[in-house]
Amino acid sequence: MRRKSIPPPPPPKQKPRPRTADERVLTVAEYFAAKSRTQKEELLPMIRIRGQWLKKIGFGIGEFVIVKAEPKRLVLTIAEES
């Protein structure tokens, strides 16, 4: 069985600068999702967030995070214990 070739990614864009000191500029990367024999493989968007700055603003290792998705916007909030 021949695999279909995946189209090349678009040319890189110039990375914008953060507008303020508390902003970060991240890149949406590609994640190759391998499927079973009956399903197609696909590329999915992926954002990886890490760094000391997360610890400084209160995001600790092992905490649960609620992600609120809005058009062209993600809001991350630490889940409150109930």
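Scoring rules and cut-offs
- Every chain begins its residue count from 1, and numbering advances along the sequence as written.
- Only residues with pLDDT of 70 or above have their local features reported here, since the model is predicted, and side-chain atom pairs are shown and tallied only from 80 upward, although totals for entire chains, interfaces and linings are computed over all residues.
- Heavy atoms from the whole structure form the basis of all side-chain values; hydrogens and water molecules are not counted.
- The salt bridge criterion pairs a side-chain nitrogen of Lys or Arg with a carboxyl oxygen of Asp or Glu, the two atoms within 4 Å.
- Only protein chains enter the accessibility calculation, which uses a 1.4 Å probe; a residue is then buried when its area is under 20% of its type maximum, exposed when over 50%, and partly exposed in between.
- Labels follow the DSSP assignment, with helices taken as runs of H or I lasting at least four residues and strands as runs of E lasting at least two, numbered in each case from the N terminus.
- It only takes one pair of heavy atoms within 4.5 Å for two residues to be counted as in contact.
- Polar contact is the term for a pair of N or O atoms within 3.5 Å; when the atoms are in protein, one must be able to donate a hydrogen and the other to accept it, and sequence-neighboring residues count only if both atoms are side-chain atoms.
- Two distance rules govern patches: like charges are joined within 9 Å, and nonpolar side chains (Val, Leu, Ile, Met, Phe, Trp, Tyr) within 5 Å, applied only to residues with over 30% relative accessible area and no salt bridge.
- Surface accessibility follows the Shrake-Rupley procedure with a 1.4 Å probe radius. Residue values consider only the protein chains on display as shielding.

Asks: Help me out: how do you make sense of the pattern of salt bridges in this one?
Replies: What the rule picks out here adds up to 3 salt bridges. Between E70 and K68 there is a salt bridge, with its nearest N and O atoms 3.5 Å apart. Its relative accessible area of 31% is what places E70 among the partly exposed residues. Residues R73 and E70 are paired through a salt bridge, measuring 3.4 Å at the closest nitrogen-oxygen approach. Members of the salt-bridge network, linked through shared partners, are K68, E70 and R73.

Asks: I'm lost on the environment of A33 in this one. Help?
Replies: With respect to the helices and strands, the residue A33 is situated in strand β1 (residues 29-33). In this structure the C-alpha to C-alpha distance between A33 and K72, which are 39 residues apart in sequence, comes to 22 Å. Filtering out sequence-adjacent residues up to four positions away, A33 remains in contact with E41, E42 and L44.

Asks: I would appreciate a short explanation of the environment of E63 in the present structure.
Replies: Mapping E63 onto the fold places it in the loop between α1 (52-56) and β3 (65-70). Given a relative accessible area of 38%, E63 falls into the partly exposed group. Distance in space between the C-alpha atoms of E63 and R24 is 21 Å, their sequence separation being 39 residues. Contact partners of E63, with chain neighbours within four places excluded, come to G58 and I78. Among the polar contacts made by the side chain of E63, one reaches the main-chain amide nitrogen of G60 at a distance of 2.6 Å.

Asks: What am I meant to see in a nonpolar patch on the surface here?
Replies: Taken together, the side chains of L26, V28, I47, I49, V65, V67, L74 and L76 define a hydrophobic patch exposed on the protein surface, amounting to about 650 Å² of accessible area. Counting residues per element, the ones that place at least two in the nonpolar patch are β3 and β4 (73-78). Inspection of the secondary structure assignment puts L76 in strand β4.

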